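# Structural overview for review
Spelled out from the first residue to the last, the chains are:
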Amino acid sequence: MKLLRAWLGCLALMMGGGGCQLTAPVRVPPSEAKAEPSGGGGCPTGQCDPDPNGLGIYIAEGQSHCFVYERSAPLCPEGFVNTPEGVVMKVRPRDGRRAVLDIPVELAGKPDDAPRLHGIHATPTDLYLAVAGPDGAVRKLRGTDLAKLTFTFLLPVTPADGDPRHPRYEMTWTPLGANRFQVLYRQVGMSAWRPQCAAPGKETVASLLLPGRHVDGLTAALRTEASAVTLACVTGAIGVCLDWGYQPWDPASLGDTPERTAGYGACLQAKRAAYFVGLGDARTFTVSGTDFLRRDAHGFGLRSSDRLDELDHVEALWSPQGAVCLNPQNRRTALPLPASLQLPSCGVAPQWSATAVMATGVPRPLKQ
């Protein structure tokens, strides 16, 4: 049965993190799926103004990847870039989210003998820090040696009294394997360390490093940049799409390919139901706990294929710029769509194209 094959193909917990759940042949349809609390008000996805759309891109909805200052979390890290002057951390302010700040990052230590951070270098199979000691010799530090280092940086914050400040922070990485880390940070002078990927309760959420790329925290646009390393939480689309098999590199050769880069970029949009990103609307139209089905043009995804006919009810076809077409009656939730934005219908028998490289679907249309 086509429906059963598609349902087994990928049951994804949208925005909830993790990979496909394939322990049972039948799952709760989207219209009845249990959604996590949305954050209240008229913002069902928890991603409306003034919140950054990094929720869902960098971390799951209901969690936080942003640095805390006093009682707010005003700055959200997106990764690192090596420059001739040293390493900078890309940080997106929550109150001015279209701008990204370059925050210099150093290594903590005594002023006279503190190691100097020359670069953060990552590949799909390796990560090392280029560090110069007091003698000027540059060493490559990997694995458990990374846990011995403490990063330090100043963050520009403006508290409630309106007086700008630049408190110093510290950050540590504890390797967990496969470019996964437990990232902790604290404001200097505070005793308690906080997880950079914060989840409710005592859940531990790991961070990951995506090499050679930067992912826009507002639109999920993917940009290849050799000197960049993206820092994300495993529960966001950046990590989940990797787990689904949509790496932007060939798993055998580890070389970049246009087809895999496009597949990964499309997955970042499809996972979050960001239908109208290409039309300038960065909102997503799903909630946590919503299931959907997927196929991709090259069969790259784990337990996926290129068989579009296996999706009985196609929701949308996707490119890295958002949905190429949309069947509104098959969307995964009944969240209202903006009346001012329109996409072409996918129809009943859509086809792959140069731009449409991923498809999503549902087991049955929305109840009318």
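Everything below is about the structure printed above this text.
Conventions and cut-offs
Residues numbered from 1 in each chain as written. Predicted model: local features only at pLDDT ≥ 70, side-chain atom pairs only at ≥ 80, totals over all residues. Heavy atoms only, no water. Pairing = 2+ DSSP bridges. Helix = DSSP H or I, 4+ residues; strand = E, 2+ residues; numbered from the N terminus. Axes fitted to C-alpha atoms, helices over the stretch in contact; angles between N-to-C directions. Core = buried A, V, L, I, M, F, W, Y, C linked by side-chain atoms within 4.5 Å. Buried < 20%, exposed > 50% of the residue type's maximum accessible area, 1.4 Å probe, protein only. Contact = heavy atoms within 4.5 Å. Disulfide = S-S within 2.5 Å.

By definition, the strands of a sheet pair up through backbone hydrogen bonds, in either a parallel or an antiparallel sense. Across the sheet, which stays open at both edges, the 3 strands sit in the order β5-β6-β7 with antiparallel pairing between neighbours. For this open sheet the edge positions go to β5 (116–123) and β7 (138–141), each flanked by a neighbour on one side alone. Strand-to-strand twist of the sheet, defined as the mean angle between neighbouring strand axes without regard to direction, takes the value 20°. Where β5 lies against strand β6 (residues 126–132), 7 bridges are found, and the strand directions are antiparallel. Each residue of the ladder has a partner; that of Arg 116, found in β6, is Ala 132.

Judged by nonpolar contacts, the single largest core of 42 residues is most densely connected at Leu 210, Val 215, Ile 238, Tyr 264, Leu 268, Tyr 275 and Trp 318. When contributions to this core are tallied by element, the ones reaching two or more residues are β12 (207–215), β13 (222–233), α3 (237–243), α4 (258–271), β15 (313–319) and β16 (322–326). Residue contributions to this core peak at 6 residues, all from α4. Those residues in contact with Ile 238, other than ones at most four positions away along the chain, are Ile 57, Tyr 58, Leu 208, Leu 210, Val 215, Thr 230, Ala 232, Tyr 264 and Leu 268.

What follows deals with the state of the cysteines. As enumerated under the stated definition, the model contains 4 disulfides in all. Disulfide partner of Cys 197: Cys 233, at an S-S distance of 2.0 Å. Note on the Cys 197 and Cys 233 pair: the S-S dihedral is about -90°, so by sign convention the disulfide is left-handed. Of this pair, Cys 197 sits in the loop between β11 (194–195) and β12 while Cys 233 sits in strand β13, and the two are 36 residues apart along the sequence. Of the two residues, Cys 197 and Cys 233, both sit in the buried class. Paired by a disulfide, Cys 325 and Cys 346 hold their sulfur atoms 2.1 Å apart. Judged by the sign of its S-S torsion, about 105°, the cystine formed by Cys 325 and Cys 346 is right-handed. A residue pair is termed long-range when its members are at least 10 positions apart, and Cys 325 in strand β16 and Cys 346 in the loop between β16 and β17 (358–362) qualify at 21 residues.

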